[in-house]
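# Survey of secondary and tertiary structure
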Amino acid sequence: ETGVTQTPRHLVMGMTNKKSLKCEQHLGHNAMYWYKQSAKKPLELMFVYNFKEQTENNSVPSRFSPECPNSSHLFLHLHTLQPEDSALYLCASSQDMRGETQYFGPGTRLLVL
Amino acid sequence: QKEVEQDPGPLSVPEGAIVSLNCTYSNSAFQYFMWYRQYSRKGPELLMYTYSSGNKEDGRFTAQVDKSSKYISLFIRDSQPSDSATYLCAMSARQAGTALIFGKGTTLSVSS
């Protein structure tokens, strides 16, 4: 595997389900990001991790819970989501947290019923 | 005023046309400018990267930065149907603790 990978690529879940999104980067980067991309809206930065430490949480509801066990892996745990949470969830990584170029994964398309 | 402004389009052109995509920004500290291309249902991919003012060319693509006007452009020559995608500009000040700031993206459709 090369670059940034995300699993699953598609996910359908009910509002009472609990699921997790996984991201893995094979670039040796130290910073990882979660973005939400809804139709007709710009990328929304959700969480940032730098050297496994969370450095940013952009007022994201607590039903989204990130986890970064090491610099290569990032998870987004989901529980009791709402239909408006349906979107493309993108993971990205960069060398560090100095405004570096970010490399994106293919995204997980989430549908909440 | 938002930090980065980008007309969402959509922009429709015939094959072979020259396409101009633009972003304006307000933060004079931005020094690094990027263009990403995002195909439908895919993640954004880095297309062009430029530092400070000037032009950078890569094949049919030219990125232009005018820091005095706080304006960046991406030109696509001899556009192809495969160029149909959403183009996002992104920029940063390359300071510790900062992340990229993205535009909304412009949707381009090239018809054959």
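As shown above, the structure is provided for reference.
Fair warning: this is a prediction, and the values are worked out from it, not measured in the lab. (Residues numbered from 1 in each chain as written. Chains lettered and ligands numbered in written order. Predicted model: local features only at pLDDT ≥ 70, side-chain atom pairs only at ≥ 80, totals over all residues. Heavy atoms only, no water.)

### Here we look at the overall build of chain B
Keep this limit in mind: Each helix is a run of DSSP H or I of at least 4 residues and each strand a run of E of at least 2, with the numbering of both proceeding from the N terminus. Radius of gyration: over C-alpha atoms. The globule rule applied is 2.2 Å multiplied by the number of residues raised to the 0.38 power. Only heavy atoms matter for contacts: two residues are in contact if any of them lie within 4.5 Å across the pair. A 1.4 Å probe and the Shrake-Rupley method give the accessible areas. Residues count as covered only by the protein chains that appear here. We count Lys and Arg on the positive side and Asp and Glu on the negative side, and we leave His and both chain ends out. Positions of charges follow a simple convention, taking NZ of Lys, CZ of Arg, CG of Asp or CD of Glu.
A tally of regular secondary structure across chain B gives 0 helices and 11 strands. A compact globule built from 112 residues should have a C-alpha radius of gyration of about 13 Å, and chain B, at 14 Å, falls within 12% of that. Each principal axis of the C-alpha distribution contributes one length, and for chain B these read about 45 × 30 × 25 Å. Within chain B, residue pairs in contact and separated by at least 24 positions form 54% of the contacts whose partners lie at least 6 positions apart. Surface exposure of chain B reaches about 5300 Å², of which carbon and sulfur atoms provide 46%. Taken as two groups, the 11 positive and 10 negative side-chain charges of chain B have centres that lie 6 Å from each other.

### Regarding the overall build of chain A
Tallying secondary structure elements over chain A gives 0 helices and 11 strands in all. Moving toward the C terminus, one meets the helices and strands of chain A in the order β-β-β-β-β-β-β-β-β-β-β. A compact globule built from 113 residues would reach a C-alpha radius of gyration of about 13 Å, and chain A, at 13 Å, matches this within 12%. Along the three orthogonal principal directions, the C-alpha set of chain A runs to about 35 × 30 × 30 Å.

### Some details on the sheet that holds strand β1 (residues 4-7) of chain A
All names here are of chain A. Test applied: At least two bridges found by DSSP between two strands is the condition for calling them paired. Fitted lines through C-alpha atoms give the axes, limited to the stretch in contact for helices. The angle between two N-to-C directions lies from 0 to 180 degrees.
The strand order β1-β3-β8-β7 describes an open sheet built from 4 strands, whose pairing is antiparallel. Each edge of the sheet is formed by a strand with only one pairing partner; in this case those strands are β1 and β7 (64-70). Taken over all neighbouring pairs, the strand axes of this sheet differ in orientation by 20° on average, direction set aside. Of the pairings in the sheet, the one linking β1 to strand β3 (residues 18-25) comprises 4 bridges and is antiparallel in character. Of the residues in β3, the one forming a bridge with Thr5 is Glu24.

### Digging into the pairing of strand β9 (residues 87-94) of chain A
Residue and element names in this part refer to chain A. Under the convention used in this document: Whether a residue is buried, partly exposed or exposed follows from its accessible area with a 1.4 Å probe, protein chains only, as a fraction of its type maximum: under 20%, in between, or over 50%, in that order.
Along β9, 8 of the 8 residues are buried, which leaves the element largely enclosed by surrounding structure. The pairing of β9 with strand β11 (residues 108-112) spans 3 bridges and is classified as antiparallel. The residue bridging Leu88 from the neighbouring strand is Arg109, located in β11. Judged from the 2 bridges that link them, β9 and strand β10 (residues 103-104) form a sheet pairing that is antiparallel. Paired with Ala92 across the bridge in β10 is Phe104.

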